[in-house]
Each structure stands twice: as structure tokens, then as C-alpha cells.
Amino acid sequence: MEKINKLKEILKRERIDGYIIPKNDEFFGEYIPDHNDRLNFISNFSGSYGFALILKKKNYLFVDGRYTLQAENQSGGLFKIITIPNKMPRDILKQKKTTIGYDPRLFTTKSLSALFRDSEYIQKPLTNNLIDEIWKRKIKKNKRKFFILPDEAISQEYQSKIKKITSYLKKKKSDFLFLTASENNAWLLNIRGCDTKYTPVPFSYILIDKNKNIKFFCDLEKVSLSLKRKFQKIEFVDIGNCEKVLSKIKERKFIIDKNTCSYFFEKIISSNNKVLNFSDPIYFLKAIKGKQEIENIKKAHIFDGVALTKYLFWLKKNYQKKNITEISASQKLLKFRKKNKKFKFLSFPTISGTGPNGAIIHYKATKMTNRKLKKGDIYLVDSGGQYEFGTTDVTRTISLKNSNRRIKDIFTRVLKGHIAVANFKLEKNTSGSLIDNKARKYLRQIGLDYAHGTGHGVGYFLNVHEGPHAISKKNKVNFHLMVHSVRLELAFLKSEFLSLLCLPI
């Protein structure tokens, strides 16, 4: 409570009625370093998505349906938990003129619109991050270098990708593309980094013009001599100079990434240039995997499948004889993965939950919640690995000799839905939302549903969640029917639906 009170004192100084704190940092990636997790600091909420609204007299924590239970457990004492998109900040303070402060480096124009659309709020960008004023922490600098993918992991040379981007710029009559999604920069140049725990991205921005001139903004200490030799035509610039470089460009046409270009940078660009209403094309380009990538991802899943199979066999043999807990079980699975020399690290925090904990979406076991696996429980393990030639995400829900008839009925209905997804015939205008509806059909017959998507895209040694395609209620992005893309697209849509399936032990 003390840190919240300190923040409220600063609200008075800044003459604002409230302050909004997002989960993301300035790179808008799915996973962030612990020292940038300002939402966790102020609210104790550790989920992967959400935001807090601190007002003079009330505190709100907004999360989606995956995290409602978790948010109540972690933050319910000091925050009122609001489930989005059912309610947004504009609904909480409806018809009240209030001034809400925010850090312009942590929000996009798109995200601000979603929060404040059609409201009477006064949005006030602040120079300083208010959480940083009260959070006195030591930041241990990550000095690990960026690296180039090995030749056998590359489907398309970076020069070819750059050519596609510049052709896109000329087609759209744009002078520049400002790339602010680190995973897109990684894809473009076939490089990776170690800037987050679970995703091999290089924190960076790229400015590319229609004539193939490229500026790569990053921490220069992470750029090795070998990397510079590989990219002799690319100018590496300290990321602290990005604002200065952009400010000097005038009367040009820009395309920016509306998902990750902060309000701060967009304002700099738009004040002297014209921002065109087009998207960063890399999201769609990297969604279609090349032949080499497809073969390598199959290999990654074979390696990962061996580790998981050994784990399930070990679990079956020992859960009644040994004291196996949620945490010790996840540690054992990690040991099996580490036996493979191609394994790099986990692709997300392992979700290992038994009994009631298994019902908490994106649950993370702690010393306080850690349950023992025992006969009669349902145990869920959702985990994945990063390999230099692929990313995996596998979910299994395991019956520890549970004989409940209702559980068996739900299992059967989930299985029917999964078969419906597998048998769905893709057509030219098929979107994920159409497939998602088929997946839920049999559960809905008995009044059940689940508060998350059915499946999501998986990156290539990149993000474990990758768009723009997904099998979910609101995803309207059409699948591309090319020679091999139908099989390919579905191969990289990880089925969250599988988390509902019970594998008898």
C-alpha cells in the first residue's frame, strides 16, 4: 500500500487525477525483463497482459478472462479487478472529465484509442515515468551479444527480405518504414538476441528507406565485429539517438508499425512528415514459413516430443510413489529438455497445475500455491522450448486416475471439437473465427465455454505467440491458400484447445 500512496502523492504534484500503468515496456514484446515489469511492481500481478489505473481514491486492475482468478488472488486486496473487453477505463469513469497521465513511450495511438475512445478523459503524456520515480531498483545490464542464425536454419537470405520490403514501400509510395517490433527486426535480418527470458529477440528499432538504406538502432555493446562484417551496408546507431535521427527527417512519407510504434515516436515522425495508413508488412511475411523452416520446426517438435514423452512416462510411473509437486514436476520436465544439446531455453514460463490450480489460465506455481500431484486429480502441464531451428508449445491435461463421469463427458466434447477443427476445410476466405466456432460447438451444448482462444500462431525460434492468424472468436484474418500454405499455416497454429483434453494415466 505504501508504494501506491507514494504514487498518489505524485499525482497531486503532476495535477492529474489518475495514472495508467501497462504490462509492456517500450518494445511492446510479450515478455519483458523483470526490471521493466512496472505493473507487477505496483499491483503484484504477474500475468502476461493487463494494466492498472490508479486514481486518487480507487485502484483498478484490468485483465482479460485468462487472468481473472489470478488477478483476484494476487491483487484483489488493493485493486478492483475488471475483466476486459467487457469494461474499459472509459466505462469506469463515464461522463466524468478527468485527466489521466501516462508514459508516451509505453502506449501506441492504437492502444490509447482502445482505452479512451469516445470518452471525456484528458490524456496527458508525461516526460517521466512515475513508477520509476518510486521504484528504486538496481538494473543489471544484459551484455549478451546479438547473433546470426546458422545457415541450416535460414529459408530466405536477409537481402531477399529487404528487397520485398523496399518493393512494398515503392508500391505504397512511402519513403520510410520504421520497424519497432524487435521480433520483426530479427526476422528481417535473420538475427536473434538474448534480451528477454523466453523470446530470442534483439531489442532494437530499424529505419529502412525505399533505396535499401538501413539504420539499426540498438545497444551498440551487443553488436559484435562479426555481426558488423556480415551487415556492412547497415548503419548501427546507438538506440539513445533514435529520437534525434527521426527528428531530422522532414516532409517525407512514413509507414509505421501501429502495434508497436509508441505514441512518443509517432508524434516525432508525424510532426514533420506524413504517416500513411498502411501496416508493417513483416507480420504477414513471417507468418508464412519457408520450406527449410517447416522442416526444421518438425525436427524441433520431434526433439521436444521425446522430452515430453519421457516426462509423461516418468510421471505415470512415479506420481503415486514419490512426493511430486507442481514445481518439482516442471523442473523435471526442464531436465528432460536440457538433455538435448539443441535446446536453448523455455519458450514461456511452464504452466504446471493440479486440482483447482489447473483451472487457472496461465497459472504459475509458487511456494504458497504449490500442490502435490495425487490420485484422483486432473493435472495440466503447458510448456514449450526454444531451439535454434524452431519454437514449441505443447499442452497436456492428464487424468491421475480420475473417474468422474462429468470430466469424461467434457473430455469427449472437447475431443469432438478438436476433430472438427482438424477436419475443417479451408477456403479462400476462411478466418480463424469460423474455425473457432466449430471448436466450441459441443461444449456450448451443455452451457460450457473457455475464456481464451482455441489456437494461436507460433514463431520460428521467435515468439511463442505469433499473429496475425489465430483460431479465436474475433480473429478475422483470412488464411492464405498457396501451394503449401494451408498445411503450413495450420502446422503453426498451436491448439490451446488441447489443454482441455485429458490423457489417461
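Predicted model, so just to flag it, every value in this text is computed and none were measured. (Residues numbered from 1 in each chain as written. Predicted model: local features only at pLDDT ≥ 70, side-chain atom pairs only at ≥ 80, totals over all residues. Heavy atoms only, no water.)

A.B. asks: I tried to follow the nonpolar core on my own but got confused; where do I start?
C.D. replies: Side chains of nonpolar character tend, in soluble globular proteins, to be buried together. Grouped together as the largest cluster of nonpolar side chains are 47 residues, with contacts concentrated most on Phe-178, Leu-188, Leu-189, Leu-207, Phe-216, Leu-246 and Phe-265. Setting aside chain neighbours within four positions, we find Leu-188 in contact with Tyr-158, Lys-161, Ile-162, Ile-165, Leu-179, Ile-206 and Ile-282. Grouped together as the second largest cluster of nonpolar side chains are 24 residues, Ile-10, Ile-16, Ile-42 and Val-63 included. (Core = buried A, V, L, I, M, F, W, Y, C linked by side-chain atoms within 4.5 Å. Buried < 20%, exposed > 50% of the residue type's maximum accessible area, 1.4 Å probe, protein only. Contact = heavy atoms within 4.5 Å.)

A.B. asks: Sorry, what's going on with the pattern of salt bridges here?
C.D. replies: Two side chains carrying opposite charge are able to pair once their charged atoms lie near each other. One pass over the full model with this rule turns up 29 salt bridges. For Arg-13, the salt bridge goes to Glu-14, with nearest N and O atoms at 2.6 Å. The exposure class of Arg-13 is partly exposed, given its relative accessible area of 46%. Asp-436 is the salt-bridge partner of Arg-440, the closest N and O atoms lying 2.6 Å from each other. Note that Arg-440 and Asp-436 are positioned in helix 16 (residues 432–444) at a spacing of 4 residues, about one turn of the helix. An identical accessibility class is assigned to Arg-440 and Asp-436; each is buried. One continuous salt-bridge network, built from bridges that share partners, spans Asp-436, Arg-440, Arg-444, Asp-449 and Lys-473. (Salt bridge = Lys/Arg side-chain N within 4 Å of Asp/Glu carboxyl O. Helix = DSSP H or I, 4+ residues; strand = E, 2+ residues; numbered from the N terminus.)

A.B. asks: Is there a simple way to explain the packing of helix 7 (residues 158–171) against helix 8 (residues 182–189) in this structure?
C.D. replies: To characterise two packed helices, one gives the angle between the axes of the helices and the distance between these axes. Viewed as axis vectors pointing N to C, helix 7 and helix 8 meet at an angle of 120°, and their least axial separation amounts to 7 Å. One finds that helix 7 runs oblique with respect to helix 8. Across from Tyr-158, Lys-161, Ile-162 and Ile-165 in helix 7, the residues of helix 8 making contact are Trp-187, Leu-188 and Leu-189. A per-class count over the contact of helix 7 with helix 8 returns 6 nonpolar, no polar and 1 charged. (Axes fitted to C-alpha atoms, helices over the stretch in contact; angles between N-to-C directions. Parallel < 35°, antiparallel > 145°, perpendicular 65-115°, else oblique. Nonpolar A, V, L, I, M, F, W, Y, C, P; charged D, E, K, R; others polar.)

A.B. asks: Can you walk me through the state of the cysteines in this structure?
C.D. replies: Inspection of the entire model under this criterion finds 0 disulfides. Just so you know, Cys-194 is unpaired, no disulfide at all, and the nearest cysteine sulfur is the one on Cys-218, 14 Å from it. Judged by relative accessible area, Cys-194 falls into the buried class, the value being 16%. Sulfur of Cys-261: no disulfide; nearest cysteine sulfur belongs to Cys-242 and is 8.8 Å away. By relative accessible area, Cys-261 is classed as buried at 1%. (Disulfide = S-S within 2.5 Å.)

A.B. asks: Got a minute to help me understand the layout of surface pockets in this structure?
C.D. replies: A water-sized probe rolled over the atoms picks out the places where empty space is left. Of the voids in this model, the second largest pocket is the one considered here, and its volume is about 1100 Å³. For the lining of the second largest pocket, the secondary structure elements donating two or more residues are helix 10 (242–247) and helix 11 (263–272). Here the lining of the second largest pocket is composed, by residue class, of 16 nonpolar, 10 polar and 14 charged. (1 Å grid on protein atoms, 1.4 Å probe; cavity = no way out; pocket = protein on both sides within 12 Å on 5 of 7 lines; lining within 4 Å. Points joined across faces, edges and corners; volume = space filled by probe spheres on them.)

A.B. asks: I'm lost on the packing of helix 13 (residues 291–318) against helix 14 (residues 326–338) in this one. Help?
C.D. replies: Running from N to C, helix 13 and helix 14 cross one another at 140°; their axes reach a closest spacing of 8 Å. Taken together, the axes of helix 13 and helix 14 are oblique relative to one another. Between helix 13 and helix 14 lies a crossing whose hand is right-handed. Here helix 13 contributes Asp-304, Ala-307, Leu-308, Lys-310, Tyr-311 and Trp-314 to the contact with helix 14, which in turn contributes Ala-329, Ser-330, Lys-332, Leu-333, Phe-336 and Arg-337. A breakdown of the residues in the contact of helix 13 with helix 14 according to their chemical character gives 7 nonpolar, 1 polar and 4 charged. (Left-handed = near helix turned anticlockwise from the far one by under 90°.)

Purely spatial values, then, with no claim about function.
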